[in-house]
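Descriptive structure summary
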Amino acid sequence: MNRAASTQGKTAAGVLLPALPDDLRKQEAHAAVTEGQPVISILARERQALDRANARQGRTVNFYDDVASKYGSRP
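Below: a short report on this structure. Please read these numbers as outputs of a predicted model, since none were measured by experiment.

Focus: the overall build of the chain
- When helices and strands are counted, the chain shows two helices and zero strands.
- For the chain, contacts bridging at least 24 residues in sequence account for 65% of all contacts bridging at least 6.
- Summed over its atoms, the accessible surface of the chain is roughly 6700 Å², and 57% of this surface lies on carbon and sulfur atoms.

Laid out in structure tokens, this is it:
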């Protein structure tokens, strides 16, 4: 009974989640296409942008996993 009351109190108190880092909200722009530039150059810059976006997604997952481990998660 004591445990149930404690759990109910924690639930009613609410949880303040940490702020999401600003970097994780950023959208990655496509590489600019400039007339006369070699296609391989544009492709290389596009791949760099994709690498940055994938790294950001990885940081987002790590952030979420850290929050979930501290506060728990529901299935």
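Resuming the write-up.
Things to note about the environment of E28
- Its place among the elements puts E28 in the loop between α1 (2–13) and α2 (39–71).
- As for E28 and A49, which are separated by 21 residues in sequence, their C-alpha atoms are 6.5 Å apart.
- Not counting chain neighbours up to four residues away, the residues in contact with E28 comprise A49, R52, A53 and R56.
- Side chain to side chain, E28 and R52 meet in a polar contact 2.9 Å long.
- Polar side-chain contacts of E28 include one of 2.9 Å to the side chain of R56.

Things to note about α2
- Compared with the 48 Å implied by 1.5 Å per residue over 33 residues, the 48 Å span of α2 between its first and last C-alpha is a close match.
- Residues of α2 that are buried include every one of I42, A49, R56, V67 and A68, and no others.
- The positive-phi residue at the C-terminal boundary of α2 is G72, with phi of around 85°.

Here we look at the environment of Q48
- As for its position among the elements, Q48 is in helix α2.
- Between the alpha carbons of Q48 and H30 there is a distance of 9.7 Å; along the sequence they are 18 residues apart.

Section: the pattern of salt bridges
- Counted according to the given criterion, the structure contains five salt bridges.
- Where salt bridges share partners, they join D23, E28, R52, R56 and R59 into one cluster.

Considering a nonpolar patch on the surface
- Where nonpolar side chains cluster on the molecular surface, the patch consists of V15, L17 and Y71 and spans about 320 Å² of accessible area.
- With respect to the secondary-structure elements, L17 resides in the loop between α1 and α2.

Things to note about the environment of G58
- Summarising the element assignment, G58 is placed in helix α2.
- Separated by 34 residues in the primary sequence, G58 and L24 have C-alpha atoms spaced 9.6 Å apart.

What counts, and where the lines are drawn
- Residues numbered from 1 in each chain as written.
- Predicted model: local features only at pLDDT ≥ 70, side-chain atom pairs only at ≥ 80, totals over all residues.
- Heavy atoms only, no water.
- Helix = DSSP H or I, 4+ residues; strand = E, 2+ residues; numbered from the N terminus.
- Contact = heavy atoms within 4.5 Å.
- Areas by Shrake-Rupley, 256 points an atom, 1.4 Å probe, with all protein chains shown as cover.
- Polar contact = N/O pair within 3.5 Å; in protein donor to acceptor, adjacent residues only side chain to side chain.
- Expected span 1.5 Å × (residues − 1).
- Buried < 20%, exposed > 50% of the residue type's maximum accessible area, 1.4 Å probe, protein only.
- Salt bridge = Lys/Arg side-chain N within 4 Å of Asp/Glu carboxyl O.
- Patch = residues over 30% accessible without salt bridge, like charges linked within 9 Å, V, L, I, M, F, W, Y side chains within 5 Å.

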